Amino acid sequence: MGLKETLSQKIMDFRPRTQKLVKEFGKIKIDEVTIDQCIGGARDIRSLVTDISYLDPQEGIRFRGKTIPETFDALPKAAGSNYPTVESFWYFLLTGDVPTQAQTDEVVAEFKTRQVVPEYVFKAVRAMPADSHPMVMLSAGLLLMQKDSKFAGFYNSGKFNKNTAWEYVYEDATDIVARLPILSAFIYNLKYRGDKQIAIDPSLDMGANFAHMIGQSETYKDVARMYFILHSDHESGNVSAHTTHLVHSALSDPYYAYSAGLNGLAGPLHGLANQEVLDWTIKFQEEYCAGVEPTKELITKALWDTLNKGQVIPGYGHAVLRKTDPRYMAQREFCIATPGLNEDPLFKLVAMIFEVAPGVLTEHGKTKNPWPNVDAQSGVIQYYYGLKEYAFYTVLFGIGRALGCMANITWDRGLGYALERPKSVTTAMLEKWAAEGGRNLA
Ligand code: HAX
């Protein structure tokens, strides 16, 4: 059975579970909301459902029940590599099943038929101001392709049917996942390589082809595979995933939805943090280490200088996690295991920051989590391989995050999730309920 048929079967089998929960247990309480959650970004309120990944504050992310090492271990590997193909991971995220090599090969072949980005997109992105941020180019380039949306076509056909709508989301989702690396490589070459474009190599899997299209080395193929998988999904409450889910809940098609998700990813408290980490680290080298080796004392001073200016330490802290992000650790292990990279001064500096920053942040006393997140480590690897243009790093994140966001909205439609519409209250209402010791729910 191919991916779509397997997915169809899974969705049909799953539907009664969601339907039963709503019908028989719909009024069972699973959470309550406090004033600080209401004002403080809905933190921790259990009001989203996804079976694709789960983020435990202590353990970190599990994709379909598997930790990061278990996921890497279980999936079929790319030819000649210890890393799985992104395509096998896509199959796994969508279905929860580890694909066989034959099933993986089918997805690889399918991506090739879907990955072609229309010429008008390149033309339009080329016409954008040269100093546009690459995330603007990515989001706009994706949105331009909306006219090809199969979901929108189905909706407008007059034959729209809730039961089969997910199939059209799946079609768009797969097109988007396959096309984004091509669009991103185009943006990279346009902005940073004098518009010297490299054609798709149809013999390569997604990660390897991306490396090829941005003129990268053999080793970078694994970097791309690892990076896209690690950044794919972090349950549904983070800004990019939640935005995508929210926008799609209005039955906006996946192009609208993920373009919006990318705009959220571009925020410095979210995906753009990887760019900020490199910026902070390079500036630290320039300002504090001119002619001298970085020391823990210098790093401590630089961290305090940043905090005393009222700024955050990029790459540290997390809204859910309360320990070092396993995505940070997976990348750190890659650095340690890669000859050359493990001796790289920037990696050594980031490793030294890892030794110092949690203590400084704990002493500072504000953040609930003084440990590094995924963004604290990812830029160093890119920089080492010659991707020194760190404004591009969030684009790489965006390619990976598409896997999670697109798998999630395919399931959203499969299970018929409702239009998202939380309720607002006024500050005066909060003040009244505060004075009364809580809202009278009777
Ligand atoms: N440096 C300094 N202060 C920090 C901090 C950091 N790295 N992380 C949190 N704080 C501060 C917050 O600004 C907040 O201060 P105020 O009370 O003055 O507003 C306080 O600590 C409490 O925050 P928190 O509850 O621990 O964290 P939040 O859930 O509010 O925010 C963030 C989580 C990730 C946004 C936050 O830790 C942060 O800004 N980190 C730096 C930016 C970053 O690395 N972002 C990437 C996160 C991972 C991700 O999504 N990647 O895409």
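This text gives an overview of the structure that appears in the document. The structure presented is a predicted model; accordingly, all values stated were derived computationally and were not measured.

### Observations regarding helix α4 (residues 86–95)
No. 1: Along α4, ten of the ten residues are buried, which leaves the element largely enclosed by surrounding structure.
No. 2: The complete set of buried residues in α4 reads Val86, Glu87, Ser88, Phe89, Trp90, Tyr91, Phe92, Leu93, Leu94 and Thr95.
No. 3: Phi for Gly96, located one or two positions after α4, is positive at around 85°.

### Some thoughts on the nonpolar core
Side chains that are nonpolar tend, in soluble globular proteins, to be buried together.
No. 1: Judged by nonpolar contacts, the single largest core of 115 residues is most densely connected at Trp90, Phe210, Tyr220, Phe228, Tyr258, Leu396 and Met406.
No. 2: For this core, the element with the highest residue contribution is helix α9 (residues 165–192), accounting for 16 residues.

### Side note on the site of the ligand
No. 1: Near the ligand, the surroundings consist of 21 residues, among which Gly315, Tyr316, Lys366, Lys368 and Asp375 are the closest.
No. 2: At 3.0 Å from a nitrogen atom of the ligand is found a main-chain nitrogen or oxygen belonging to Leu269.
No. 3: Contact distances for the ligand include 3.4 Å between an oxygen atom and a backbone N or O atom of Gly271.
No. 4: With the chains in place, 76% of the 900 Å² that the ligand exposes on its own is no longer accessible.

### Considerations on a nonpolar patch on the surface
No. 1: Taken together, Leu21, Val22, Phe25, Ile28 and Ile30 make up a surface patch of nonpolar side chains, about 550 Å² in accessible area.
No. 2: Following the sequence through the fold, Leu21 ends up in helix α1 (residues 3–25).

### Remarks on the packing of aromatic side chains
Any aromatic ring pair is given by two values, namely how distant the centres are and how the planes are angled relative to each other.
No. 1: With the rule as written, the count across this model stands at 21 aromatic pairs.
No. 2: Centroid distance Tyr384 to Tyr385: 5.1 Å. Interplanar angle 90°. Geometry classified as edge-to-face.
No. 3: By relative accessible area, which is 30% here, Tyr384 ends up partly exposed.
No. 4: By the ring-pair criterion, three or more aromatic residues cluster together here, those being Phe151, Phe154, Tyr155, Phe160 and Tyr168.

### So, the pairing of strand β1 (residues 53–56)
No. 1: Across the two faces of β1 the burial differs, with Ser53 and Leu55 buried and Tyr54 and Asp56 not buried at all.
No. 2: Here four bridges tie β1 to strand β2 (residues 60–63), and the two strands are oriented antiparallel to one another. Counted as the bridge partner of Tyr54 is Arg62 from β2.
No. 3: Connecting β1 to the next strand, β2, in antiparallel fashion are three residues.

### Notes on the side chain of Ser139
No. 1: Following the sequence through the fold, Ser139 ends up in helix α7 (residues 134–144).
No. 2: Note on Ser139: relative accessible area 5%, which makes it buried.
No. 3: A polar atom in the side chain of Ser139 sits 2.8 Å from the side chain of Ser259.
No. 4: Ignoring any residue separated from it by four or fewer positions in sequence, one finds Ser139 in contact with Ser259, Leu262 and Asn263.

### Some words on the pattern of salt bridges
No. 1: Counted according to the given criterion, the structure contains 22 salt bridges.
No. 2: The residue Arg179 makes a salt bridge to Asp148 at a minimum N-O spacing of 3.5 Å. One end of the pair, Arg179, is in helix α9; the other, Asp148, is in the loop between α7 and α8 (150–156), and 31 residues separate them in sequence.
No. 3: On the basis of relative accessibility, which here comes to 11%, the residue Arg179 falls in the buried class.
No. 4: Residue Asp279 pairs with Lys283 through a salt bridge whose shortest N-O separation is 2.9 Å. Placement of the pair is Asp279 and Lys283 together in helix α14 (residues 273–288), with a separation of four residues, close to one helical turn.
No. 5: Judged by its relative accessible area of 25%, Asp279 falls in the partly exposed class.

### A few points about the packing of helix α15 (residues 296–308) against helix α17 (residues 345–364)
No. 1: Here α15 crosses α17 at 50°, and the two axes come no closer than 9 Å. Overall, the two elements α15 and α17 adopt an arrangement that is oblique. For the pair α15 and α17, the sense of crossing is right-handed. Residues Lys296, Ile299, Thr300, Leu303, Trp304 and Leu307 of α15 form the contact with α17, whose own contacting residues are Leu349, Met352, Ile353, Glu355, Val356, Ala357, Val360, Leu361, Glu363 and His364.
No. 2: Classifying every residue of the contact of α15 with α17 gives eleven nonpolar, two polar and three charged.

### Some words on the packing of helix α6 (residues 119–126) against α9
No. 1: Viewed as axis vectors pointing N to C, α6 and α9 meet at an angle of 35°, and their least axial separation amounts to 11 Å. As α6 runs across α9, the sense of the crossing is right-handed. Residue-level inspection shows Val121, Phe122, Val125 and Arg126 of α6 in contact with α9, the latter providing Leu183, Phe186, Ile187 and Leu190.
No. 2: Grouping the constituent residues of the contact of α6 with α9 by class yields seven nonpolar, no polar and one charged.

Each value, and the rule that gives it
- Residues numbered from 1 in each chain as written.
- Predicted model: local features only at pLDDT ≥ 70, side-chain atom pairs only at ≥ 80, totals over all residues.
- Heavy atoms only, no water.
- Buried < 20%, exposed > 50% of the residue type's maximum accessible area, 1.4 Å probe, protein only.
- Helix = DSSP H or I, 4+ residues; strand = E, 2+ residues; numbered from the N terminus.
- Core = buried A, V, L, I, M, F, W, Y, C linked by side-chain atoms within 4.5 Å.
- Near = heavy atom within 4 Å.
- Polar contact = N/O pair within 3.5 Å; in protein donor to acceptor, adjacent residues only side chain to side chain.
- Areas by Shrake-Rupley, 256 points an atom, 1.4 Å probe, with all protein chains shown as cover.
- Patch = residues over 30% accessible without salt bridge, like charges linked within 9 Å, V, L, I, M, F, W, Y side chains within 5 Å.
- Salt bridge = Lys/Arg side-chain N within 4 Å of Asp/Glu carboxyl O.
- Phe/Tyr/Trp six-rings, centres within 6.5 Å; stacked < 30°, edge-to-face > 60°.
- Pairing = 2+ DSSP bridges.
- Contact = heavy atoms within 4.5 Å.
- Axes fitted to C-alpha atoms, helices over the stretch in contact; angles between N-to-C directions.
- Parallel < 35°, antiparallel > 145°, perpendicular 65-115°, else oblique.
- Left-handed = near helix turned anticlockwise from the far one by under 90°.
- Nonpolar A, V, L, I, M, F, W, Y, C, P; charged D, E, K, R; others polar.

Worth remembering: the numbers are spatial, not functional.
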